[in-house]
Amino acid sequence: MKLDRRQFVIGSAAFAGSLMSGCDSMSGLCGHRVRRLMDECISGRLYSGLCCASNRGFMRCCGNRTFTDEVQPVDENTLFDLASVGKTQTAALCALLYADGRLDPDAPFTKYLPEHVLAKEDCRITVRDLATHTGGFDNSKPYMLPNVAEHFERLFAKRPVKPRGESFCYACSNFVYLGMIVENITGMGLDTAAKKLLWGPLGMTRTTWNTCVGDGNVCEYPKSTYDGPLRKFGEHNDLCAHYAGRPMGNGSCFSTGPDMLKFVTDFIERRTFKKEYYELQLNESVRVDGHRRSFGWDMTSEKSTFSDWVKTFFSDRAICHTGWSGSAIAVDPECGYAGVVLGNRLASKEATMGPRMHMLDLMRW
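The written sequence of each chain sets the order in which its residues are numbered from 1. Per-residue local features are limited, in this predicted model, to residues with pLDDT of at least 70; the limit for side-chain atom pairs, both in listing and counting, is 80 or more; totals at the level of whole chains, interfaces and linings are taken over all residues. Note that the side-chain values use all heavy atoms of the structure and ignore hydrogens as well as water.

## Considering the overall build of the protein chain
And step 1. Each helix is a run of H or I in the DSSP string that is no shorter than four residues. Each strand is a run of E no shorter than two, and both are numbered from the N terminus. Across its full length, the protein chain holds 11 helices and 10 strands.
And step 2. Residues classed as buried in the protein chain amount to 56% of the 365 residues present.
And step 3. Of the roughly 14500 Å² that the protein chain leaves accessible, carbon and sulfur atoms contribute 50%. To sort residues, take the accessible area from a 1.4 Å probe on protein chains only and compare it with the maximum for the residue type: under 20% means buried, over 50% means exposed, and anything in between is partly exposed. Shrake-Rupley sampling with a 1.4 Å probe provides the accessible areas, and residues are treated as covered by the protein chains on show and by no other component.

## A closer look at the packing of aromatic side chains
And step 1. Working definition: rings of Phe, Tyr and Trp (its six-membered ring) pair if their centres are within 6.5 Å, and the pair is stacked with planes under 30 degrees apart, edge-to-face with planes over 60 apart, and tilted otherwise. Under the counting rule described, the total for this entry stands at 14 aromatic pairs.
And step 2. Centre to centre, the rings of Y277 and Y278 are 4.8 Å apart; their planes meet at 85°, and the pair counts as edge-to-face. We note that Y277, like Y278, is buried.
And step 3. Taken together, F263, F267, F273, Y277, Y278 and W297 form an aromatic cluster joined through their ring pairs.
And step 4. In this scheme, Lys NZ or Arg CZ marks a charge over a ring once it lies within 6 Å of the ring centre and within 35 degrees of the ring normal. The lysine or arginine in question, R345, covers the ring of W324, its NZ or CZ lying 4.7 Å from the ring centre.
And step 5. One residue, R364, lies across the ring of F314, its end atom 4.7 Å from the ring centre.

## Thoughts on the pattern of salt bridges
And step 1. By definition here, a salt bridge exists when the distance from a side-chain nitrogen of Lys or Arg to a carboxyl oxygen of Asp or Glu is within 4 Å. Per the stated rule, a full pass over the model turns up 15 salt bridges.
And step 2. A salt bridge links R60 to D39, with the nearest nitrogen and oxygen atoms 3.0 Å apart. Taken together, the residues R60 in strand 2 (residues 59–63) and D39 in helix 2 (residues 29–43) connect sequence positions 21 residues apart.
And step 3. Residue class for R60 comes out partly exposed when judged on its relative accessible area of 22%.
And step 4. You can call D39 partly exposed: its relative accessible area is 37%.
And step 5. The residue D122 makes a salt bridge to R124 at a minimum N-O spacing of 3.1 Å. Pair check on accessibility: D122 and R124 agree, each one exposed.
And step 6. Salt bridges sharing partners connect three or more residues here, namely E284, R287 and R292.

Below, the structure is given as structure tokens:
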């Protein structure tokens, strides 16, 4: 008899339950499989270093944070450039403002970003459209210029290429705009706003949107993960933030395994913020072209921004996000799971996507 995906998940969960006596705190068969996959990623030169953690009690670091002959091992205090995983921090800040009644997700985004050229027109693209990548903007980046004035001039002049709601197109500029909206509403820069509204309440003490060049425990990334000039350790991998000389909402903040575990675990415990904060990010906001998105996150579906996400056995309530530099995080409310994979990849995004999704999947059991 052929099992469908849902039957397989239920059967796998039952089997995992029967093994839990040997998987306490991920110390038995389940934990062994994650550790073996992590080691294979390091020995196979997919990653230089990794930190994996889950609310099942698993936390492990392996490999090196640098590429020099001198061993510089990754530990729980090592800072990783989150790249686009940082978009979830922007989404979370927007959700907090929504929960406080300061941001309407279904209002035109130009209501909060009057600097944009569309503010002078009958703009129908909403804040939610930006957060779900369905506003019609594509992922072109004409604003990627080292001259800061030109950078922002072109950013505010970018126009959609399709009607809103017609299709899904992942576009970093969507979250650049959301980050600016947060700054306009709060009157604070992204790092300050995040520390006051998000990271502080969650107890995330080792996360920053600022560069951290002077930090003695920050990861090195290979040239293949950069566009433009090679950056120093602790400079933003993201070229948009690098040229802007400031944090930008499309990602590129720095964090550690323990800090990111606090962030994702809070979606399961739901103890820190108002219910509207969690509901906005955990519930489906849009379904288009076979894609499903919550506010700021990808959801399991027949298609996915991250192709290997659809090959896992997360429930249809799960949310996930990955980053260009090698990381991924996931939350599955159906089974009460939250997981984190942080790494400085050596191989391509495509070569590392499957393993990082598999590590997230394995840590559920």
